[in-house]
Amino acid sequence: MASNHTHTDSTAHANCGTTDIHHDHGLSDMTKQPRYRRVLWAALIINASMFLVEVGAGLSSSSVSLLADAVDFFSDAANYAITLYVLSMGVLWRAKAALFKGWTMFVIGTLVLAKVLWSQHTGQIPEAVTMGAVGLVALLANVFVAAMLYAFREGDANMQSVWLCSRNDALGNLAIVAAALGVFGTGTAWPDLLVAVIMASLSIAAGYKIIFLAVLEIKIQKKSAGNLNRIV
């Protein structure tokens, strides 16, 4: 039977939209501190809010990179929500929650790629000012979350991964700002589409890995439970 530690370590490389570090927050004693839970709630609210903001801005400005970044904010918000909800539950429930999130990331990432192809077909050029402004707001949001998590950067590996992912997410926002400048300077959509393809591809890859590992964990847990029932 796989241990909780093995599961979290295995998924640690599958779940961050811009890096290979997982947002899984683990079950260490530090994660049960009231202060840490408050930080997670604040991070959840910020990421969920930015998801809605970027979806609206992406659709109104025809920016596919903003839609792709919205997927990353959704991923982060889902991670915080899942962590808070299943913190005291067993491995099987956490694996099922991860499976749901993995499929969601995979589907949304695929839809973003479809939007890239459609935008390329129609020749639609995104509105650079909205792209840049919302990209800067997203950057500030990620920096703020990283600052909140900074105090926990020296915790266990999972807690460190939370802070590192928030810090690295800011790089994606910088890429969007750079894409906005590229769109403004060239008068074409390719900088926006390029960033969107990269971010959506990372989301799809991460979603696939999460699905694979979650299904594996579910099978292991069910097999273990079956063996235990036969023994009893």
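Check the entry above for the structure.
A brief structural summary.

### Describing the overall build of the protein
1) Next: Tallying secondary structure elements over the protein gives seven helices and zero strands in all.
2) Next: Ordered by position from N to C terminus, the α and β elements of the protein give α-α-α-α-α-α-α.
3) Next: Expressed as a percentage of the 232 residues in the protein, the buried residues total 50%.
4) Next: Looking at the protein alone, contacts between residues at least 24 apart form 79% of all its contacts between residues at least 6 apart.
5) Next: Looking at the protein as shown, the accessible area adds up to about 11,100 Å², and 71% of this sits on carbon and sulfur atoms.

### Focus: the packing of aromatic side chains
1) Next: The full count for this structure, using the stated rule, is two aromatic pairs.
2) Next: Taking 5.5 Å as the distance between ring centres and 50° as the angle between the ring planes, the aromatic pair formed by F51 and F74 counts as tilted. Here F74 lies in helix α3 (residues 64-86) and F51 lies in helix α2 (residues 34-61), a separation of 23 residues in the sequence.
3) Next: With a centroid separation of 6.0 Å and 80° between ring planes, the pair formed by W103 and F106 is classed as edge-to-face. Of this pair, W103 and F106 both sit in helix α4 (residues 91-122), separated by three residues, roughly a single helical turn.

### Regarding the side chain of S61
1) Next: Inspection of the secondary structure puts S61 in helix α2.
2) Next: For S61, a relative accessible area of 3% puts it in the buried group.

### Brief notes about a nonpolar patch on the surface
1) Next: The grouping of W190, L194, I198 and L202 at the surface amounts to a nonpolar patch, some 400 Å² of accessible area in total.
2) Next: Within the secondary structure, W190 sits in helix α7 (residues 190-231).

### Digging into α4
1) Next: Taking 1.5 Å of rise per residue, 32 residues should cover 46 Å, and α4 covers 46 Å from first to last C-alpha, within 8% of that figure.
2) Next: One or two steps after α4, the chain reaches G123, where phi turns positive at roughly 70°.

### Some words on unusual backbone geometry
1) Next: Positioned with a positive phi, S62 is a non-glycine residue whose angle comes to about 60°.
2) Next: Among the secondary structure elements, S62 is positioned in the loop between α2 and α3.
3) Next: Here S62 falls in the buried class, since its relative accessible area comes to 12%.

### Description of the nonpolar core
1) Next: Counting 20 residues, the largest nonpolar core has V64, L66, V112 and M131 as its most contacted members.
2) Next: Every element with two or more residues in this core is listed here: α3, α4, α5 (128-149), α6 (157-186) and α7.
3) Next: Counting residues per element, this core draws most heavily on α7, at five residues.
4) Next: With residues up to four places along the chain from it excluded, the contact list for L66 reads E54, A57, G58, S61, T130, M131, V134, G135, I176 and D192.
5) Next: Core analysis: the second largest hydrophobic core is formed by 11 residues, L44, L84, V145 and M148 among them.

### As for the side chain of N173
1) Next: Mapped onto the fold, N173 is located in helix α6.
2) Next: Residue class for N173 comes out buried when judged on its relative accessible area of 0%.
3) Next: In terms of polar contacts, N173 uses its side chain to reach the side chain of D69, at 2.8 Å.
4) Next: In this structure the side chain of N173 is engaged in a polar contact, spanning 2.5 Å, whose partner is the side chain of N142.
5) Next: Excluding residues that lie within four positions of it along the chain, N173 makes contacts with D69, F73, G135, A138, L139 and N142.

### A closer look at α2
1) Next: Here α2 contains 28 residues, and its C-alpha end-to-end distance of 40 Å stays within 8% of the 40 Å for a straight helix at 1.5 Å per residue.
2) Next: The set of residues buried in α2 consists of Y36, V39, L40, A43, L44, N47, M50, E54, A57, G58 and S61.
3) Next: Among the residues trailing α2, S62 stands out with phi positive, at a value near 60°.

### Looking at the packing of α2 against α5
1) Next: Close contact between α2 and α5 brings their axes to 10 Å; oriented N to C, the two are set at 170°. With respect to α5, the axis of α2 lies roughly antiparallel. Side by side, α2 and α5 meet where Y36, V39, A42, A43, I46, N47, M50, V53, E54, A57 and S61 of the first sit next to T130, V134, V137, A138, A141, N142, F144, V145, M148 and L149 of the second.
2) Next: In terms of residue class, the contact of α2 with α5 is made up of 16 nonpolar, four polar and one charged.

### Focus on the environment of M105
1) Next: Topologically, M105 is positioned in helix α4.
2) Next: Separated by 30 residues in the primary sequence, M105 and S75 have C-alpha atoms spaced 6.8 Å apart.

Basis of the calculations
Residues numbered from 1 in each chain as written. Predicted model: local features only at pLDDT ≥ 70, side-chain atom pairs only at ≥ 80, totals over all residues. Heavy atoms only, no water. Helix = DSSP H or I, 4+ residues; strand = E, 2+ residues; numbered from the N terminus. Buried < 20%, exposed > 50% of the residue type's maximum accessible area, 1.4 Å probe, protein only. Contact = heavy atoms within 4.5 Å. Areas by Shrake-Rupley, 256 points an atom, 1.4 Å probe, with all protein chains shown as cover. Phe/Tyr/Trp six-rings, centres within 6.5 Å; stacked < 30°, edge-to-face > 60°. Patch = residues over 30% accessible without salt bridge, like charges linked within 9 Å, V, L, I, M, F, W, Y side chains within 5 Å. Salt bridge = Lys/Arg side-chain N within 4 Å of Asp/Glu carboxyl O. Expected span 1.5 Å × (residues − 1). Core = buried A, V, L, I, M, F, W, Y, C linked by side-chain atoms within 4.5 Å. Polar contact = N/O pair within 3.5 Å; in protein donor to acceptor, adjacent residues only side chain to side chain. Axes fitted to C-alpha atoms, helices over the stretch in contact; angles between N-to-C directions. Parallel < 35°, antiparallel > 145°, perpendicular 65-115°, else oblique. Nonpolar A, V, L, I, M, F, W, Y, C, P; charged D, E, K, R; others polar.

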